[in-house]
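Results of the structural survey
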Number of protein chains: 2
Amino acid sequence: MQERECGESAAPLYLRVRDQLASKIEEGSLAPNTRLPSERILAEEYGTTRVTARLALAQLEREGRLFRSNRRGWFVSPPRLIYKPAHDYSFSDYVTAQGRVLETETLDVTPMETSPWLAAKTGLSVGDPIVLLRRRRQIDGRPVLVENIYLNPERLPNIATYDFNRSLWKLLREKYDVELRQKRIEMYPTALVEPQASDIGVTVGTAGLYVTRCSRDAEGRFVELDEEFWLHDALSIQVDVD
Amino acid sequence: MQERECGESAAPLYLRVRDQLASKIEEGSLAPNTRLPSERILAEEYGTTRVTARLALAQLEREGRLFRSNRRGWFVSPPRLIYKPAHDYSFSDYVTAQGRVLETETLDVTPMETSPWLAAKTGLSVGDPIVLLRRRRQIDGRPVLVENIYLNPERLPNIATYDFNRSLWKLLREKYDVELRQKRIEMYPTALVEPQASDIGVTVGTAGLYVTRCSRDAEGRFVELDEEFWLHDALSIQVDVD
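Notes on the structure in this doc start here. (Residues numbered from 1 in each chain as written. Chains lettered and ligands numbered in written order. Predicted model: local features only at pLDDT ≥ 70, side-chain atom pairs only at ≥ 80, totals over all residues. Heavy atoms only, no water.)

1. Digging into the overall build of chain A
Cut-off, in case you're wondering: Only runs of H or I of at least four residues qualify as helices and only runs of E of at least two qualify as strands under DSSP, and these elements are numbered from the N terminus. Residue contacts follow a heavy-atom distance rule, with two residues in contact if any of their heavy atoms lie within 4.5 Å. Surface exposure here means Shrake-Rupley accessible area, sampled with a 1.4 Å probe, where a residue is shielded only by the protein chains that are shown. Charge counting follows a simple rule: Lys and Arg are positive, Asp and Glu are negative, and His as well as the terminal groups are ignored. For the purpose of locating charges, the reference atoms are NZ of Lys, CZ of Arg, CG of Asp and CD of Glu.
Helix and strand counts for chain A stand at 7 helices and 10 strands. When its C-alpha atoms are laid out on the principal axes, chain A stretches across 70 × 35 × 35 Å. Looking at chain A alone, contacts between residues at least 24 apart form 56% of all its contacts between residues at least 6 apart. Put simply, chain A shows about 11,400 Å² of open surface, and 48% of that area lies on carbon and sulfur atoms. Here chain A contributes 33 positive and 37 negative side-chain charges, whose respective centroids are spaced 3 Å apart.

Structure below.
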């Protein structure tokens, strides 16, 4: 994987191609959403092979600077969406405030029973009814997120009958008068597996960020448990401490 | 990459091996830091090839459930360290409170001039003196983090003369009476590049988490800018919202 040419610097050739492309992205001469030339043309431009060009592109993809679009080639990643988990805003409002376009699509809504894992997370009892809502979200037309939302039908009667292709946070406030409290948010990098990888349209093993959040109402009753599976390059998390 | 056998389920074989190993890890029958059998023995155990076994192991590595140790084979990842960035604790205290052992090693200390990038981040002027401290941190003997710390020598006279193989936060408090304020923390998944990959002892492109934090004193003067490059499987970030 680490090609070298005699008498040249010790850095593998693909990392030098990577450095040059990364500089162009940082300086802005390769702007967000720009389509890169083909691997063949890039290889010619940098005086190298297609294999080396592809290694450089794959490295920049892992860093979140480039992304691949099915059969359409390589593109410069758009800026990461800034997410401030300590602020209690609707996610849709966040996206809009950053000049981006959010689309939300319901994949399925499944009434089920609380499993031991869910019981430990939510405080419900094993076997209690719970509703699983799966949604996909796109930012500027690119699928970046799939989420599993477990809803408490005892606190949210008839929840399965609503339209979820909108802000869930606003739905809960308007229809159920829920003030979400006591939120604990946890997140870590991971790799996407099925069904999330297919739902987002990437291969299994693509780097991701897992974000989970458990919300209760003002009385401490369990309302919803959210598990978000993000594409690794789609967001940046900010926390301000005073 | 996706092997299939006739008449079997649609999931590629390596994902089925992955699922079985993941279950053993979740149930605890494969405990943290357990060394896995060799790829050859795993392949026999699951009735598959070494190539398929290796694909399953690599997928679990990307998910942060297994890690590879140079020439010693595959191990079950220890629990992720829990990090609460909204709490203003010393990082060393965090690690100790979770029953883990932290080692801090200074890689180098370099007086330099503020670059345009640093000026934008810190509020210093281009060309102002600044000190770059690079450290590596190990948790339970495993290198998980390399950090670039940019220190303001005007606020911290003679800072380059101290021992940094300890808590920087405590050093700043004891020697300079600094109360850190106005911290902005930002983090996103990325892939490790050089020199961080070599410093941690992993290959370029290994998944990581980038965490950056800018701290000022009670008067708003720039004290330090920290850039942390974490191994992807080493930590989990928690934020509580009331």
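On we go from here.
2. So, the relation of the copies chain A and chain B
Heads up, the condition is: Least-squares fitting of one copy onto the other uses the C-alpha atoms of those residues that reach a pLDDT of at least 70 in both copies.
Mapping chain A onto chain B is achieved by rotating through 180 degrees and translating by 0.0 Å along the same axis, at an RMSD of 0.1 Å. Look at the turn and shift together and you get a two-fold axis relating the two. When each C-alpha of chain A is compared by its distance to the rotation axis, Pro189 of chain A comes out closest, at 3.1 Å. Looking at the interface residues of chain A, 100% of them are also at the interface in chain B, so both copies use one shared face.

3. Things to note about helix α3 (residues 50–63) of chain B
Residue and element names in this part refer to chain B. Spelled out, the test is: The span you would expect from a helix comes to 1.5 Å times its residue count less one. Only protein chains enter the accessibility calculation, which uses a 1.4 Å probe; a residue is then buried when its area is under 20% of its type maximum, exposed when over 50%, and partly exposed in between.
The end-to-end C-alpha separation of α3 is 20 Å, in line with the 20 Å expected for 14 residues at 1.5 Å each. Regarding α3, the residues found buried are Thr52, Ala53, Leu55, Ala56, Leu57, Gln59, Leu60 and Glu63. Among the residues trailing α3, Gly64 stands out with phi positive, at a value near 85 degrees.

4. Quick look at the interface of chain A and chain B
The condition that has to hold: Defined in terms of a 1.4 Å probe, buried area is the accessible area two parts forfeit on being brought together, summed over both. Should a side-chain nitrogen of Lys or Arg be within 4 Å of a carboxyl oxygen of Asp or Glu, the pair is scored as a salt bridge. Pairing of N or O atoms within 3.5 Å defines a polar contact, subject to two protein rules: one partner must be a possible hydrogen donor and the other a possible acceptor, and residues neighboring in sequence count only if both atoms are side-chain atoms. Amino acids are sorted into nonpolar (Ala, Val, Leu, Ile, Met, Phe, Trp, Tyr, Cys and Pro), charged (Asp, Glu, Lys and Arg) and polar (every other residue, Gly among them).
On the chain B side, the residues contacting the 35 residues of chain A number 35 residues. Contact between chain A and chain B buries roughly 3,100 Å² in total, counting both sides, with carbon and sulfur atoms accounting for 54%. Three residues stand out in chain A for area buried against chain B, namely Pro189, Val239 and Val241 of chain A, and they jointly supply 19% of the buried area on that side. The interface formed by chain A and chain B includes 0 salt bridges. The tally of links from chain A across to chain B stands at 18 residue pairs in polar contact (both at pLDDT 80 or more). For the side of chain A that touches chain B, the secondary structure elements donating two or more residues are α1 (13–27), α3 (50–62), β7 (181–191) and β10 (235–241) of chain A. Residue contributions to the side of chain A that touches chain B peak at 10 residues, all from β7 of chain A. Here the residues of the side of chain A that touches chain B are counted per class, giving 17 nonpolar, 7 polar and 11 charged.

5. Digging into the packing of aromatic side chains
Residue and element names in this part refer to chain A. This is how it is decided: Only centres within 6.5 Å qualify two rings of Phe, Tyr or Trp (six-membered ring in Trp) as a pair; their planes then separate them into stacked at under 30 degrees, edge-to-face at over 60, and tilted for everything else.
One pass over the structure, following the stated rule, counts 17 aromatic pairs over all chains. Plain terms: the ring middles of Phe91 and Trp230 are 5.7 Å apart, the flat faces sit at 75 degrees to each other, and that makes the pair edge-to-face. Taken together, the residues span a long stretch of sequence, with Phe91 in helix α4 (residues 91–97) and Trp230 in strand β9 (residues 222–231) at a distance of 139 residues. Each member of the pair Phe91 and Trp230 is classed as buried. Where Tyr188 meets Tyr210, the ring centres are 5.1 Å apart and the plane angle is 40 degrees; that geometry is what we call tilted. With a gap of 22 residues between them, Tyr188 in strand β7 and Tyr210 in strand β8 (residues 207–216) connect regions that are remote in the sequence. Taking the relative accessible area as the measure of exposure, Tyr210 reaches 10% and is therefore buried. The rings of Tyr83, Phe91, Tyr94 and Trp230 are connected pair by pair, giving a single aromatic cluster.

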